[in-house]
Amino acid sequence: MNFIIDALSWACLMLGCFLGISGAIGIFRFDEFYSRAHAASVTDTLCVLFIISGLVLQSGFNLVTVKMIFIVVLLWLTSPVASHALIRSAYQTGLKPKLAITRKESSKRTQS
Amino acid sequence: MSAINLLIDIVLLTMLVFTTIAIVRSRSLFAIVMLSGIYSLLSANIFVVLDAVDVAFTEAAVGAGISTVLMLATIGITGYEQKKRRSISRITPLIVVFITGAVLVYGTLDMPAFTNPSNPVHEHVAPRFIEQSPTEVGIPNMVTSVLASYRGYDTMGEVIVVFAALIGVLSLLGIREKKTDPVYTEPPPRPILQVMAKFMIPFIILFALYVQFHGDFGPGGGFQAGVIFSVAIILYTLTFSQQDAMDLVPPWVLKRLAALGVLIYGGTGVVSLLKGGNFLDYNVLAHDPIHGQHYGILIIEFGVGLTVACVMILIFFAFISRGDKNP
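Residues numbered from 1 in each chain as written. Chains lettered and ligands numbered in written order. Predicted model: local features only at pLDDT ≥ 70, side-chain atom pairs only at ≥ 80, totals over all residues. Heavy atoms only, no water.

Asker: Residues and numbers for a nonpolar patch on the surface, please.
Answerer: Residue and element names in this part refer to chain B. Together, L209, F213, Y295, L298, I299 and F302 give the surface a local cluster of nonpolar side chains, amounting to about 540 Å² of exposed area. Within the residue set of the nonpolar patch, elements represented by two or more residues are α8 (191-213) and α12 (289-320). At four residues, α12 tops the list of elements feeding residues into the nonpolar patch. (Patch = residues over 30% accessible without salt bridge, like charges linked within 9 Å, V, L, I, M, F, W, Y side chains within 5 Å. Areas by Shrake-Rupley, 256 points an atom, 1.4 Å probe, with all protein chains shown as cover. Salt bridge = Lys/Arg side-chain N within 4 Å of Asp/Glu carboxyl O. Helix = DSSP H or I, 4+ residues; strand = E, 2+ residues; numbered from the N terminus.)

Asker: Please give an account of the nonpolar core that cites residues and values.
Answerer: All names here are of chain B. The biggest cluster of nonpolar side chains holds 43 residues, and the ones touching the most others in it are L166, L254, Y265, I315 and F317. Secondary structure elements with two or more residues in this core: α3 (53-78), α7 (152-172), α9 (222-239), α10 (242-248), α11 (251-274) and α12. Per-element tally for this core: the top contributor is α12, with 15 residues. Each of domain 1 (1-111) and domain 2 (141-327) contributes no fewer than three residues to this core. Counting 12 residues, the second largest nonpolar core, distinct from the first, contains L193, M200, I201 and V211. (Core = buried A, V, L, I, M, F, W, Y, C linked by side-chain atoms within 4.5 Å. Buried < 20%, exposed > 50% of the residue type's maximum accessible area, 1.4 Å probe, protein only. Domains from an automatic or database assignment.)

Asker: Give me the lowdown on helix α2 (residues 29-49) of chain B, citing residues and values where you can.
Answerer: Residue and element names in this part refer to chain B. Between its first and last C-alpha, α2 extends 30 Å over 21 residues, near the 30 Å set by a 1.5 Å rise per residue. For α2, every residue scored as buried is listed here: I32, V33, L35, G37, S40, L42, S43, A44 and I46. Packing partners of the buried residues in α2 comprise α1 (2-25) and α3. (Expected span 1.5 Å × (residues − 1). Contact = heavy atoms within 4.5 Å.)

Asker: Residue-level account of the domain arrangement of chain B, with values.
Answerer: Residue and element names in this part refer to chain B. As far as domains go, chain B holds domain 1 (1-111) and domain 2 (141-327). With centres defined by C-alpha atoms, the gap from domain 1 to domain 2 works out at 26 Å. On the side of domain 2, 19 residues touch domain 1, which itself brings 15 residues to the contact. When domain 1 packs against domain 2, the two sides together hide about 1,500 Å² of surface, and 75% of this comes from carbon and sulfur. Taken together, the links from domain 1 to domain 2 amount to zero salt bridges. At the junction of domain 1 and domain 2, the tally comes to two residue pairs in polar contact (both at pLDDT 80 or more). Split into classes, the residues belonging to the side of domain 1 that touches domain 2 amount to 11 nonpolar, three polar and one charged. (Buried area = accessible area lost by both parts, 1.4 Å probe. Polar contact = N/O pair within 3.5 Å; in protein donor to acceptor, adjacent residues only side chain to side chain. Nonpolar A, V, L, I, M, F, W, Y, C, P; charged D, E, K, R; others polar.)

Here is the structure:
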């Protein structure tokens, strides 16, 4: 039983770390604001969920667990809204997303 | 345990240094404000590692929270980019910086070694506070007992400084109420943000009250609680509109409440004078000295919280009512 819980929590922690690192790489490597915001918001939500559920499994059921669950709930409520506010203000100040148009297509469109 | 602490220390301090370099090199004021918020958050983490939870709390609430918002409101008035400097020689500042740095390093040579338990700091007042505080003041959080009881006079000075800052801002800027402004337009509706803010504000206020009245037992107190309370109102202002917030908490009420907080603090001192003790000596407030200390600390913390909250909201109003270049 102990081994199963340990294995589960380590799996959760590893997955959370992977998502965090991939989010960080995404912030640096994506070429456009909206994709970057997308990568950052993955770190905010899913990565936090996995890391904290790994910690919850480690700590067993006590007051710390309840606090951590509260942290997850508050983060899931606030950080998507924060990303939304950021992206919304970027869009309203006139930053256009690239969407699915590649560079060739857009250059063709401007030529024609 | 100490190895992991060392690792965390090294990582946090490295990030602090990089943030500082980024602040110095950046030209965009917006980025600089955001980076200084990050700087405060990192310092708060360092304080947590050092077990100074009260200080970390204050740093996170004041440094990372409210001062970032106030700075953003300020650059909303001034503009986002740093102005080009006139070309001046680079040699003179370099020499000045080197001389100052050398003097500071020379000064640290005379200081006692860091973390040495026989330092003068740890020998005179601190042991007395640690030994006597449970019997003299009797509240579990020793930081609060030092701040509110032993050093009550200093804390009163701090509250008056905050109040004086408010007077300065109001006499320089003033608050423009926009009721008759023809340029005033209805801001665009922001449904998601508004629903979320409505959901969060009760929790923020509840947390502020908890920090306010739980300051005797855990980390927290009037300063932190006041800042957190004002953050709730500032969130309301940002997601709804300035007019809504000014209808909710009118500036003329806030001005009187801010003064009332200082009055409560000073009045507690005067009451203890009248009851035959020293100024701000809470022992005489009740029959039992320990109960008197409890009452005194609760009352003055309430005064501190009231003043800080009202001053923060008023300064924010004063800044944001100057110009709405950015929403």
